[in-house]
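Structural description and commentary
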Amino acid sequence: MKKLLSIIFVFTMFFTLGLKAFADDSQEALNFFNSYVNAANTYSPTVATMYSPNAKIIRQVVKPDGGLVDVHTNTATYIKQMKIGQAGARMRGYKNTYTNVKVTPLGNGAYKVSSLRQPKGETYKLKTYMIVKKINGKWQIIEELMQTKEQIFLKYAK
């Protein structure tokens, strides 16, 4: 009986520590997302360093008829376009508000952070998610999907 209780105790300890590690990583993923939102809304150059060099970037264009078109790009092109767009965004005071933020573990140390994004001055909200993972001790975005109503992105659709 003592042996059985010892095994149950040890198993419970490992299980509890495992849940704590999961909760800590989940919270870290959320903290990383919040730091991304802050950096993006303050036009910080650190946003560019938050992406993995080979991240999968998807802009999902919401067409006027409600149809969706995925536009894929690579990290380097996206960061180049983002830096160009930041000047205009800063002048207009453009910011995004994120609501319904949810962190979901995907396994292999990756977490999906889903939310609804509301551009400043708009009444609609758009779906967005990013998959984040700690790489070499640093959280990075390895995949991102953001819906947009900007039809100009359609010229990049394949």
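From a predicted model like this one, the values you see are computed outputs, not experimental measurements.

Thresholds, definitions, all that
Residues numbered from 1 in each chain as written. Predicted model: local features only at pLDDT ≥ 70, side-chain atom pairs only at ≥ 80, totals over all residues. Heavy atoms only, no water. Helix = DSSP H or I, 4+ residues; strand = E, 2+ residues; numbered from the N terminus. Buried < 20%, exposed > 50% of the residue type's maximum accessible area, 1.4 Å probe, protein only. Contact = heavy atoms within 4.5 Å. Areas by Shrake-Rupley, 256 points an atom, 1.4 Å probe, with all protein chains shown as cover. Pairing = 2+ DSSP bridges. Lys, Arg positive; Asp, Glu negative; His and termini not counted. Salt bridge = Lys/Arg side-chain N within 4 Å of Asp/Glu carboxyl O. Core = buried A, V, L, I, M, F, W, Y, C linked by side-chain atoms within 4.5 Å.

1. Side note on the overall build of the protein chain
- Assigned secondary structure in the protein chain consists of two helices and six strands.
- Listing each helix as α and each strand as β along the protein chain from the N terminus yields α-β-β-α-β-β-β-β.
- Split into buried and exposed, the 158 residues of the protein chain put 34% on the buried side.
- Taking all contacts inside the protein chain whose residues are at least 6 apart in sequence as the whole, residues at least 24 apart take part in 49%.
- Carbon and sulfur atoms make up 61% of the accessible area of the protein chain, which amounts to about 10000 Å² in all.

2. Remarks on the pairing of strand β6 (residues 138–148)
- In terms of residue burial, β6 counts as a mostly covered element, since nine of its eleven residues are buried.
- Direction of pairing for strand β1 (residues 51–62) relative to β6: parallel, over a ladder of seven bridges. Residue pairing for β6: I58 is matched across the bridge by L145.
- As paired elements, strand β5 (residues 126–135) and β6 share eight bridges and run antiparallel to each other. Bridging across to β6, Y129 finds its partner in L145.
- Taking the residues between adjacent antiparallel strands as the criterion, β5 and β6 are bridged by two residues, where N136 takes a positive phi near 50°.

3. Section: the side chain of E143
- Mapped onto the elements, E143 comes out in strand β6.
- There is no salt bridge for the buried E143, and the closest opposite charge comes from K56, which lies 4.3 Å off by N-O distance.

4. So, unusual backbone geometry
- With a phi close to 55°, N100 is a non-glycine residue in the positive phi region.
- If you trace the backbone, N100 turns up in strand β3 (residues 96–107).
- Positive phi, normally seen in glycine, also occurs at N108, with a value near 55°.
- Looking at where N108 falls in the secondary structure, it is placed in the loop between β3 and β4 (110–119).
- When its relative accessible area of 69% is taken as the criterion, N108 is described as exposed.

5. So, the pattern of salt bridges
- For the structure shown, the criterion picks out two salt bridges.
- In this structure, K134 engages E28 in a salt bridge whose closest nitrogen and oxygen atoms are separated by 2.8 Å. Note that K134 is positioned in strand β5 and E28 in helix α1 (residues 2–41), a separation of 106 residues in sequence.
- Residue E144 pairs with R59 through a salt bridge whose shortest N-O separation is 2.7 Å. Of the two residues, E144 sits in strand β6 while R59 sits in strand β1, which places them 85 residues apart along the sequence.

6. As for the nonpolar core
- Core analysis: the largest hydrophobic core is formed by 23 residues, its most contacted members being Y36, Y51, Y78, M130, V132 and I141.
- Those elements that provide at least two residues to this core are α1, β1, α2 (75–92), β4, β5 and β6.
- For this core, the element with the highest residue contribution is α1, accounting for six residues.
- Not counting chain neighbours up to four residues away, the residues in contact with Y51 comprise Y36, I57, T75, Y78, I79, Q140, I141 and E144.

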